[in-house]
Amino acid sequence: MRVTKANVTRVCAVCERTLLMGEHTIRFSPDGHEFVDVCPLCSEVALDHGWVREGHAVSPALQQQTRRRRQKTLWQTLLGARDEEAEPVVTEPVLRRLSDDELALVEAADLFNQSSFRHTVSGVARSLGQPKVSIVPLPGVNAETVLTFAWDITWYQYRVTPEASQPVRIADRGHDIAEVEETFAQWNARLDELDRLVPDLAAV
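(A) Up close: the packing of aromatic side chains. Under the counting rule described, the total for this entry stands at five aromatic pairs. Centroid distance Phe 112 to Tyr 158: 5.4 Å. Interplanar angle 55°. Geometry classified as tilted. Linking Phe 112 in helix H5 (residues 100–113) with Tyr 158 in strand S6 (residues 155–160), this pair joins segments that are 46 residues apart in sequence. A relative accessible area of 1% means that Phe 112 is categorised as buried. Here the aromatic residues Phe 112, Phe 117, Phe 149 and Tyr 158 are joined through ring pairs into a cluster of three or more.

Here it is, written out as C-alpha cells:
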C-alpha cells in the first residue's frame, strides 16, 4: 500500500499570509476554545488584542465574553472590540456636507472597517508600516468600489458592493506595488491610529 503525504496549507490567523513548510508558528486562542496559527511577526498583535497563547490558562471570563459577542462582525469577535457600535469614519455633521461621490467613499470605508478583512490589513501594517491607500468607485449601476492597500513588497485589493450579501470581498493581491493599475494608484485614503480606513476629504 502506497502512502501519500497530504499537502496542508497553513495561514497566519492575523495577517493571513501563507506559511512556509516547516515555518515556526505560535498557537493562540482568540475565543478560549479553538487554537489558530500565528506567525512570530504577528504574535504581539495577538497578545495586544487579548488572544491566549497555547499552554496558558484560559479565563472563564473570556469564554463568557465570546458568547456575548457572537452577533458581532468577525473582526470585532476576534480582536475583542467593545460592545458599543463602531464610530463612523466621518462624523454625522460632516456627512451632510459631502457630495454623493464622497458619501460613496465614506460608505465603502465604513463597510470595510466592519469586515473581517480589516485585521488582515492591520496585521500587515504593524509589520511593514503604513500602506498607501486608495478608494476608487467603479462606473456602472452596481455602486462597486475598489479599495487598494499597497506596500513596496505586497498589496491587497478589495471590492465593496453595499447591497451584496457579502459586501466586502478580496479581488486581487500581489507582491510589487508597481503591479497596481494606475487607476487604483490615486492614493486618497489612509489608516488612522486605530487602523481604520479613512478617506482623505477636504474639510470645507
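(B) Seen up close, the pattern of salt bridges. The final tally for this structure, using the stated rule, is eight salt bridges. Asp 37 is the salt-bridge partner of Arg 10, the closest N and O atoms lying 3.9 Å from each other. Of the two residues, Arg 10 is situated in the segment before strand S1 (26–29) and Asp 37 in strand S2 (residues 36–38); the sequence distance between them amounts to 27 residues. Judged by its relative accessible area of 26%, Arg 10 is partly exposed. Here Glu 144 makes a salt bridge to Arg 159, at a shortest N to O gap of 2.9 Å.

(C) Up close: the sheet that holds S2. Across the sheet, three strands lie side by side as S2-S1-S3; this open sheet has antiparallel pairing. Strand pairing shows two members of the sheet lacking a second neighbour, S2 and strand S3 (52–53), which therefore form its edges. Pairing of S1 with S3, which is carried by two bridges, proceeds in the antiparallel orientation. In the strand pairing of S3, Phe 28 is matched with Arg 53.

What counts as what
Residues numbered from 1 in each chain as written. Predicted model: local features only at pLDDT ≥ 70, side-chain atom pairs only at ≥ 80, totals over all residues. Heavy atoms only, no water. Phe/Tyr/Trp six-rings, centres within 6.5 Å; stacked < 30°, edge-to-face > 60°. Helix = DSSP H or I, 4+ residues; strand = E, 2+ residues; numbered from the N terminus. Buried < 20%, exposed > 50% of the residue type's maximum accessible area, 1.4 Å probe, protein only. Salt bridge = Lys/Arg side-chain N within 4 Å of Asp/Glu carboxyl O. Pairing = 2+ DSSP bridges.

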